[in-house]
Amino acid sequence: MKFKTIIEPFRIKTVEPIRQTTEAQRAVALAAAHYNIFLLRGEDVLIDLLTDSGTGAMSIYQWAGMMRGDETYAGARSFYAFDAAVRDITGFTHVIPTHQGRAAEHILSGAMLKSGDIVPNNRHFDTTRANFEARGASAMDIPIAEGHHPQALHPFKGNMDLAALERVLTENPGRVPLVMITVTNNSGGGQPVSMANIRGASAIARQHGVPFFLDACRFAENAWFIHTREAGYEDRTPIEIAREMFSLADGCTMSAKKDGMANIGGFLAMNDDALAQRCRNTLILTEGFPTYGGLAGYDLEAIAVGLYEALDPDYLRYRIRFVEYMAEKMTSAGIPMVRPAGGHALYLDAKAWLPHIPPSEYPGWALSLVLYLEGGIRACEIGSVMFGQQPDGSERPADLELVRLAFPRRVYTQSHMDYVCEVLLHVNSIAPRIRGVRIVEQPPALRHFTAKFEPLVRGVFA
Ligand code: F0G
């Protein structure tokens, strides 16, 4: 290409104002939210990087599709558009719509798992883990060695440890009803999985006669990483790569709130007729009739269009570059983060950045509060608040103390990101003065959503 600048491959037709607040106003909002960023009102946030899930901007083609939405209860035209798109991209014969990804996980686990089973995955996302554990199965994470180290570099750091997979299957005959790979590996830093690794896992699972599924939420971002990093895929388009990824699996779960480019929706897809029948039976009980599965006809249309838009090379080049651009700025400023940059998010390494705050004083949580207070940015702790609480009520520090900046799709521009970088550089200059927090009140599980906190030293966040 003649010019180097990678621009946002869209122009903006409708705008949603965001509100500037003063630091004093944010201090009041934070206190009212009990120092928990999940309890803030969205309107008090300037740049919201809490999640890339369901927060994207839809295109004119998706909105046009929504106007075509057919709200017929059974056999709606919109279902057939959705079904055709999913089958075209994944090749799976049965497509079961669900209201979001975790509903697909819930139905799949009900149909496949029983108490005592083991499900290996490169890394389970937390809802996947919770759904499997709710069936009494154990969710086993087997990432490659590099996947355990935030600073270790690897082009496909999301890969599964295939020797460990072979071992689990050999040592537990009859106890592994499902093998999964999550693309990209969200809990492991948004890191991609190579085609070779997917092929290897698929071959091992098949040798043992065990179905192999993809958690495909970010399949298009993963396809782009394969296109740019894996030998032999330079000349293959993202849709061809995606088709090859899916061809190696027996089915998938999907949250269309990510690479479906939709605000809500998901699906479960597979080739096994009997399994699909069992899944549809549960679907009718919990989500709805098999041709809408908890979604409106217009949602199905938005996803049918969005899945293709997520695979557009111009979009993917911009999407991945957007995150990489941020990572380069952070790295040159010496701000520690999980490397290399992931596909949808940056993960700041609060343990390395704030070494003076012990895990018992929640460095990642404190950092998320400072980002909001200083710059109106909302990001999410993935550390000892999220994972430290044990089922017996005790406390164990998490492996990593991360803060995730997840980027909604097609929502923020480069100047928004330059602003985020400026705030991070400022936070870097005051990092030694940041102090920890303590928990004042917490629920028995999943405490990060609702727990109440207090700064350890009032007024000394910064
Ligand atoms: N699998 C992965 C890898 C995910 O990242 C998510 C959601 C799900 C499954 C569940 O999908 O939200 O539609 O029910 N991740 C969001 C996030 C919530 O912020 O990373 P869902």
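Here the structure is a predicted model, which is why all the values come from computation and not from measurement. (Residues numbered from 1 in each chain as written. Predicted model: local features only at pLDDT ≥ 70, side-chain atom pairs only at ≥ 80, totals over all residues. Heavy atoms only, no water.)

Considerations on the sheet that holds strand β11 (residues 380-382)
Then, in step 1: Strand order in the open sheet made by the three strands is β9-β12-β11, with antiparallel pairing throughout. For this open sheet the edge positions go to β9 (345-349) and β11, each flanked by a neighbour on one side alone. Direction aside, the axes of adjacent strands within the sheet are offset by 30 degrees on average.
Then, in step 2: Relative to strand β12 (residues 402-406), β11 runs antiparallel, the two sharing three bridges. (Pairing = 2+ DSSP bridges. Helix = DSSP H or I, 4+ residues; strand = E, 2+ residues; numbered from the N terminus. Axes fitted to C-alpha atoms, helices over the stretch in contact; angles between N-to-C directions.)

Details of the side chain of R409
Then, in step 1: Relative to the helices and strands, R409 is located in the loop between β12 and α16 (414-430).
Then, in step 2: With a relative accessible area of 1%, R409 lands in the buried category.
Then, in step 3: A distance of 3.1 Å separates polar atoms of two side chains, one belonging to R409 and the other to E221.
Then, in step 4: Those residues in contact with R409 that sit more than four places away from it in its chain are D52, G56, A57, R218, E221, K257, K258, D259, M261, Y315, R319 and H344. (Buried < 20%, exposed > 50% of the residue type's maximum accessible area, 1.4 Å probe, protein only. Polar contact = N/O pair within 3.5 Å; in protein donor to acceptor, adjacent residues only side chain to side chain. Contact = heavy atoms within 4.5 Å.)

Re the domain arrangement of the protein chain
Then, in step 1: Splitting the protein chain by domain gives domain 1 (23-52 + 313-460) and domain 2 (60-309).
Then, in step 2: Placing a centre on the C-alpha atoms of domain 1 and another on those of domain 2 gives a separation of 27 Å.
Then, in step 3: Taken together, the 23 residues of domain 1 in the interface contact 25 residues of domain 2.
Then, in step 4: Summing both sides of the interface, domain 1 and domain 2 together bury roughly 2200 Å²; the carbon and sulfur share of this comes to 55%. (Domains from an automatic or database assignment. Buried area = accessible area lost by both parts, 1.4 Å probe.)

Re the site of the ligand
Then, in step 1: The immediate surroundings of the ligand are formed by 17 residues, with T51, R102, S255, K258 and R404 found nearest.
Then, in step 2: One nitrogen or oxygen atom from the side chain of D215 is found 2.7 Å from a nitrogen atom belonging to the ligand.
Then, in step 3: Separating an oxygen atom of the ligand from a side-chain N or O atom of R218 is a distance of 2.9 Å.
Then, in step 4: Coverage of the ligand by the protein chains reaches 93% of its 470 Å² of free accessible surface.
Then, in step 5: If one sorts the elements of the shell around the ligand by residue count, helix α4 (residues 101-112) sits on top with three residues. (Near = heavy atom within 4 Å. Areas by Shrake-Rupley, 256 points an atom, 1.4 Å probe, with all protein chains shown as cover.)

Regarding unusual backbone geometry
Then, in step 1: Between V183 and the following residue, T184, the backbone shows a cis peptide bond with an omega angle of -20 degrees.
Then, in step 2: By the secondary structure assignment, T184 is in the loop between β5 (179-182) and α7 (195-207).
Then, in step 3: R339 connects to P340 through a cis peptide bond whose omega is -10 degrees.
Then, in step 4: A positive phi angle, near 55 degrees, is found at M261, a position not held by glycine.
Then, in step 5: Topologically, M261 is positioned in the loop between β7 (251-255) and β8 (266-270).

Looking at helix α3 (residues 77-90)
Then, in step 1: For α3, built from 14 residues, the straight-helix expectation of 20 Å at 1.5 Å per residue is met to within 8% by its first-to-last C-alpha distance of 20 Å.
Then, in step 2: Those residues of α3 that sit buried are S78, F79, F82, D83, A85, V86, I89 and T90. Here the buried residues of α3 occupy an arc of 165 degrees about the axis, which is enough to place them on one side.
Then, in step 3: Buried residues in α3 make contact with β2 (94-98), α8 (219-229), α9 (238-247), β8 and α11 (297-309).
Then, in step 4: Of the residues flanking the end of α3, it is G91, one or two places downstream, whose phi is positive at about 80 degrees. (Expected span 1.5 Å × (residues − 1). Arc of directions from axis to C-beta.)

Describing the sheet that holds β5
Two strands in a sheet stick together by hydrogen bonds in their backbones, pointing the same way (parallel) or opposite ways (antiparallel).
Then, in step 1: Strand order in this open sheet of five strands is β2-β8-β7-β6-β5, and the pairing throughout is mixed. The open sheet terminates on both sides in strands that have one partner only, identified here as β2 and β5. Direction aside, the axes of adjacent strands within the sheet are offset by 15 degrees on average.
Then, in step 2: Examined bridge by bridge, β5 and strand β6 (residues 212-215) share four bridges and lie parallel to one another. Pairing of M180 across the sheet is with F213, part of β6.

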